[in-house]
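Report on the structure
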Amino acid sequence: MITSSKIKPSGILLACCLAALPLLASCAEDKSKLTEAEKDQIALAKEVELVKAAGGLVLMVEGEALSSDEVLDTPVGGYGPGADESLVKFLGPLARETSLDQFKEQAHPWAEQVLTGKISGVLLYQQAEREADGNTRLSGVIDGLVEKEWREYVLGFGGDVAKADAELAAKGTDRKKWKEQQRKKFITQAFISSKFPRDEPVTYSQLVECYDRIKNALFVRSAKVAFRLIDISVVKVPVGEAGESPVEEAKRLADDLMKRIRAGEDFAELAKKYSHGHRSSFGGLWEPISPDSLARPYDEAVKATENIEVGQVAGPIDTGGHIFIVKLEERQAEGHEPFEKVQRQVERVLRAERENAVMYDIGTKYMSQASAGKTDEFMDFCLEEIYKRSSQQ
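Each chain has its residues counted from 1, running along the sequence as written. Whole-chain, interface and lining totals are the exception, using all residues; otherwise, since this is a predicted model, local features are given only for residues with pLDDT of at least 70 and side-chain atom pairs are given and counted only at 80 or more. Water and hydrogen atoms play no part in the side-chain values, which are based on all heavy atoms of the structure.

What about the packing of helix α5 (residues 100-132) against helix α8 (residues 175-193)?
Where helices are involved, their axes are fitted lines through C-alpha atoms of the stretch in contact, as for all axes, and angles between N-to-C directions lie from 0 to 180°. The helix count covers DSSP runs of H or I at least four residues long, the strand count covers runs of E at least two residues long, and both are numbered beginning at the N terminus. It is the contact of α5 with α8, at a shortest axis distance of 8 Å, that shows an interaxial angle of 80 degrees. The angle between α5 and α8 places the two elements in the roughly perpendicular class. Residues Leu 124, Tyr 125, Gln 127, Ala 128, Glu 129, Glu 131 and Ala 132 of α5 pack against Glu 180, Arg 183, Lys 184, Ile 187, Thr 188 and Phe 191 of α8. Polarity classes work like this: nonpolar for Ala, Val, Leu, Ile, Met, Phe, Trp, Tyr, Cys and Pro, charged for Asp, Glu, Lys and Arg, and polar for all others, with Gly in that last group. Each residue belonging to the contact of α5 with α8 can be placed in one class, and the counts come to six nonpolar, two polar and five charged. Angles below 35 degrees are treated as roughly parallel, those above 145 as roughly antiparallel, those between 65 and 115 as roughly perpendicular, and all remaining angles as oblique. Contact criterion: two residues are considered in contact whenever any of their non-hydrogen atoms come within 4.5 Å of each other.

A word on the packing of aromatic side chains
In summary, the pairing rule links any two rings of Phe, Tyr or Trp, Trp by its six-membered ring, whose centres are within 6.5 Å, and it sorts them by plane angle into stacked for under 30 degrees, edge-to-face for over 60 and tilted for everything else. Enumeration according to the criterion identifies twelve aromatic pairs in this entry. Geometrically, the ring pair formed by Phe 103 and Tyr 387 is tilted, given 5.6 Å between the ring centres and 45 degrees between the ring planes. Highlighted residues: Phe 103 in helix α5 and Tyr 387 in helix α14 (residues 372-391), separated in sequence by 284 residues. When sorted by exposure, Phe 103 lands in the same class as Tyr 387, which is buried. Between Tyr 204 and Phe 339, the aromatic rings sit 5.5 Å apart at their centres with planes inclined by 85 degrees, giving edge-to-face as the arrangement. Of this pair, Tyr 204 sits in helix α9 (residues 204-218) while Phe 339 is found in helix α13 (residues 339-367), placing the two residues 135 residues apart along the sequence. Ring-pair connections join several aromatic residues into one group, and the members of that group are Trp 150, Tyr 153, Phe 157 and Trp 178. Charge-over-ring placement is defined geometrically: NZ (Lys) or CZ (Arg) within 6 Å of the ring centre, and within 35 degrees of the ring normal. When the ring centre of Phe 282 is taken as origin, the NZ or CZ atom of Arg 279, which lies over that ring, is 4.2 Å away. Remark: exposure states derive from per-residue accessible area (1.4 Å probe, protein chains only) relative to the maximum for the residue type, with buried under 20%, exposed over 50%, and partly exposed in between.

Notes on the pairing of strand β7 (residues 313-318)
Bridge analysis of β7 against strand β8 (residues 322-332) gives four bridges, and the strand direction is antiparallel. Considered in β8, the bridge of Ile 317 is made with Phe 324. Strand pairing is assigned whenever DSSP identifies at least 2 bridges connecting the two strands. Hairpin geometry of β7 and β8 is characterised by an intervening segment of three residues between the two adjacent antiparallel strands and by a positive phi of about 80 degrees at Gly 320.

Describing the confidence of the model for the chain
Per-residue confidence from the prediction method is given by pLDDT, with values spanning 0 to 100. Of all residues in the chain, 79% have pLDDT values of 70 or greater, and the mean over the chain is 80. Note on residues 3-34: pLDDT is under 50 here. Beyond four places in sequence and across chains, it has 90 contacts. Below pLDDT 50 for its whole length, residues 37-46 participates in 18 contacts with residues either more than four positions away or in separate chains.

Description of the pattern of salt bridges
Salt bridges are counted wherever a side-chain nitrogen of Lys or Arg sits within 4 Å of a carboxyl oxygen of Asp or Glu. Scanning all chains against the criterion turns up 25 salt bridges. Note that Arg 221 and Glu 337 form a salt bridge whose closest N and O atoms lie 4.0 Å from each other. In this pair, Arg 221 sits in strand β4 (residues 220-221) while Glu 337 sits in the loop between β9 (335-336) and α13, placing the two residues 116 residues apart along the sequence. A salt bridge links Lys 388 to Glu 385; the shortest N-O distance between them is 2.9 Å. Here Lys 388 and its partner Glu 385 are both found in helix α14, three residues apart, which amounts to about one turn of the helix. The structure contains a network of salt bridges with shared partners spanning Asp 69, Glu 385, Lys 388 and Arg 389.

Digging into the sheet that holds strand β6 (residues 285-289)
With antiparallel pairing, four strands are arranged side by side in an open sheet as β6-β5-β8-β7. The outermost strands of the open sheet, each flanked by one partner alone, are β6 and β7. Averaged over all pairs of adjacent strands, the angle between their axes in this sheet comes to 25 degrees, without regard to strand direction. Of the strands in this sheet, β5 (224-233), β7 and β8 are in contact with helix α10 (residues 246-262), which crosses β7 at around 175 degrees. Where helix α11 (residues 267-274) meets the sheet, it contacts β5, β7 and β8, and its direction lies at approximately 40 degrees from that of β5.

Brief notes about the side chain of Arg 354
Along the chain, Arg 354 falls in helix α13. Take Arg 354: its relative accessible area is 15%, and that puts it in the buried class. Any pair of N or O atoms that falls within 3.5 Å is considered a polar contact. Within protein, one atom must be able to donate a hydrogen and the other to accept it, and sequence-neighbouring residues count only if both atoms are side-chain atoms. Reaching out from Arg 354, the side chain makes a polar contact with the side chain of Gln 206 at a distance of 3.0 Å.

Comments concerning the side chain of Lys 104
With respect to the helices and strands, Lys 104 occurs in helix α5. Residue classification places Lys 104 among the buried positions, given a relative accessible area of 17%. There is a polar contact of 3.1 Å between the side chain of Lys 104 and the side chain of Asp 380. Here Glu 384 takes part through its side chain, which lies 2.8 Å from a polar atom of the side chain of Lys 104. Residues within four places of Lys 104 in sequence aside, it is in contact with Asp 380, Leu 383 and Glu 384.

Remarks on the nonpolar core
The criterion is simple. A nonpolar core is a set of buried Ala, Val, Leu, Ile, Met, Phe, Trp, Tyr and Cys residues joined through side-chain atoms within 4.5 Å. Core analysis: the largest hydrophobic core is formed by 29 residues, its most contacted members being Val 71, Leu 87, Leu 91, Phe 103 and Leu 115. Listed by contribution, the elements that provide at least two residues to this core are β2 (56-61), α3 (68-72), α4 (87-96), α5 and α14. Per-element accounting of this core gives the leading share, nine residues, to α5. Not counting residues within four places of it along the chain, the set of residues in contact with Leu 115 comprises Leu 59, Leu 66, Val 71, Thr 375, Phe 378 and Met 379.

Written as structure tokens, this is what we have:
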């Protein structure tokens, strides 16, 4: 989600952008007999029509209806927080703290990003369908991929075809329509993948630059600490034969345990036997936690780990009611995952950005055929819907 203080899109991620498959690309590249100029002429001859429908406006894109609800429910995309949120949820906070005019001005880039992706997806599919027409090799590959997808879908229901069909029916569709959607996906994918600059090398300096740019969104790591704890509860210590008080008895036990630990006895085994804490059966082990997440008196155990190294022991720590002995197992400082650890992820992001740039260029070319007045009116309606729904929450 966003507020009025931060309203710059993190990147155009077209809804139609799919992972490239080299096999599909090779099948698609050997077919088309049209020149680029002829393809553009065909594309630009199409129109995007705006029609009224029950409940609002609908864009007809090459015969396919695009409703305002579809646009509002589309994820905004990007890398940062809220990337998976729908447009209406993402823009909701902004709508609730601005006037309608201010909202439209600031939210317009996001709505345009989503709408461009939706329209371009349809237009790209139509162009991909034209290029695939008559390409029997591509058609055969796609048929095989569609059937593979269907088998995997059915496996999600334990191999029960009837259950898979019932699930599709509950969603208002059927097997034939589902397979047709898969076919559209793969045809578009073949067209898109043929445009990717796959052979362009990625240099180390480019990877480092990309890492520095995205690390705050993708690779932040919080401070964490893991430790083992022997928790001696004063009220649970049995009174000894000498008649010492529970406090004295607890201190004596803690001192004795520290001597045994220094002598080399296993900390975890001692914790299982002598700790009164709820993690005693696990050898006193506390899984990695944020250092400031524990309440008293256990925050004292965490503080004690600040002055020791991994593998070292601190204590006894008298907190009044509890006496702690703590062993540091793991410490992670706040910061970012190191570049070396995430280098492959960075390369995938960088290549995806290059592909997205290609997709945006293709998409905007096809978007140029749409009447600006029609898309602007539809976008204005979508923004008003978002503002109205958000104001009612």
